[in-house]
Amino acid sequence: MRTEPPLDDETLVTRARAGDLEAYDLLVARHTASAYRTAVLLGAGSDSEDVVQEAFVKAYRKLSRYRGDASFRSWLLAIVANETRNLHRSRGRRDGLVLRAAAADPTSEIADDDAMATVLAGERRASLVRALRQLPVRDREVIACRFFLDLTEDETVSALGWPRGTVKSRTSRALTKLRGLLDSEEVRHG
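Residues numbered from 1 in each chain as written. Predicted model: local features only at pLDDT ≥ 70, side-chain atom pairs only at ≥ 80, totals over all residues. Heavy atoms only, no water.

Colleague: It is not clear to me how the confidence of the model for the protein chain should be interpreted in this structure. Could you clarify?
Modeller: Segments scoring low in pLDDT should not have their predicted coordinates read at a detailed level. For the protein chain, the average pLDDT comes to 81, and 76% of its residues sit at 70 or higher. Looking over the protein chain, one finds the lowest element-wise mean pLDDT in helix 5 (residues 115-119), namely 39, and the highest in helix 3 (residues 48-61), namely 95. Low pLDDT, under 50, characterises residues 106-121; the stretch is placed with 22 contacts to residues that sit more than four places away or in other chains. (pLDDT = per-residue confidence, 0-100. Helix = DSSP H or I, 4+ residues; strand = E, 2+ residues; numbered from the N terminus. Contact = heavy atoms within 4.5 Å.)

Colleague: Would you take a moment to explain the pattern of salt bridges for this structure?
Modeller: On inspection of all chains with the given rule, the structure shows 10 salt bridges. E153 is the partner of R164 in a salt bridge, and the nearest nitrogen-oxygen pair spans 3.1 Å. With R164 in helix 9 (residues 164-189) and E153 in helix 8 (residues 153-160), this pair connects stretches of sequence that are 11 residues apart. (Salt bridge = Lys/Arg side-chain N within 4 Å of Asp/Glu carboxyl O.)

Colleague: I would appreciate a short explanation of the nonpolar core in the present structure.
Modeller: A general feature of soluble globular proteins is that nonpolar side chains tend to end up buried together. Y24, F72 and I143 are the most contacted members of the largest nonpolar core, which totals 45 residues. Among the elements of the structure, helix 1 (9-17), helix 2 (21-41), helix 3, helix 4 (72-104), helix 6 (123-134), helix 7 (137-148), helix 8 and helix 9 are those that each provide at least two residues to this core. With eight residues, the single largest contributor to this core is helix 4. The residues touching F72, leaving out its near neighbours within four places in the chain, are D9, V13, Y24, L27, H31, L63 and Y66. (Core = buried A, V, L, I, M, F, W, Y, C linked by side-chain atoms within 4.5 Å. Buried < 20%, exposed > 50% of the residue type's maximum accessible area, 1.4 Å probe, protein only.)

Colleague: Can you walk me through unusual backbone geometry in this structure?
Modeller: Across residues other than glycine, the phi torsion is negative in most instances, and most of the peptide bonds are trans. If you check the backbone angles, D150 has positive phi at about 55° while not being a glycine. With respect to the element layout, D150 can be found in the loop between helix 7 and helix 8. Owing to a relative accessible area of 60%, D150 belongs among the exposed residues under this scheme.

Colleague: What is the right way to read the environment of A174 from this model?
Modeller: Considering the arrangement of structural elements, one finds A174 in helix 9. Judged by relative accessible area, which is 0%, A174 ranks as buried. Sequence separation between A174 and L132 is 42 residues, and the spatial gap between their C-alpha atoms is 9.4 Å. Excluding its chain neighbours within four sequence positions, the residues that come into contact with A174 are L135, D139, V142 and I143.

This is the structure:
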């Protein structure tokens, strides 16, 4: 019995553009895990599933704009990163409202978002998460892409929409900052 080789992304994209929903379903199935990891690592937390769903909907709607300069995966992860940034902006507005409400009613509780810490279990991973949270958002994004998602430099360039030189320099600076934070965390906790 001979099985057909799996279709590559390019073929699936071409079919999806022609209206083949099954082809798009295969793309979704193939890339959901990495899209979800991206959303979690970029800080979407408990909203990661919503971010991924919205990213896949937007990707489908914008499929005609996909030029194939980068892999479909990188293009999709760029959409996931943008959706996560949108989430952070809306969270910022929402958190501002919550803080104002808390100031008006001091008996209310405001809980921290520990979704990322629950995804990355264990003492060392918890330290890494604490250190990552102290980094600026762009540093977190580049580290997540390069090291947690194992994206190549080219894929990171595509996913984040930054020039190659920016990806290289920010990766280097972000790793230096992260090492410093992890060293100080280790000193604090022995």
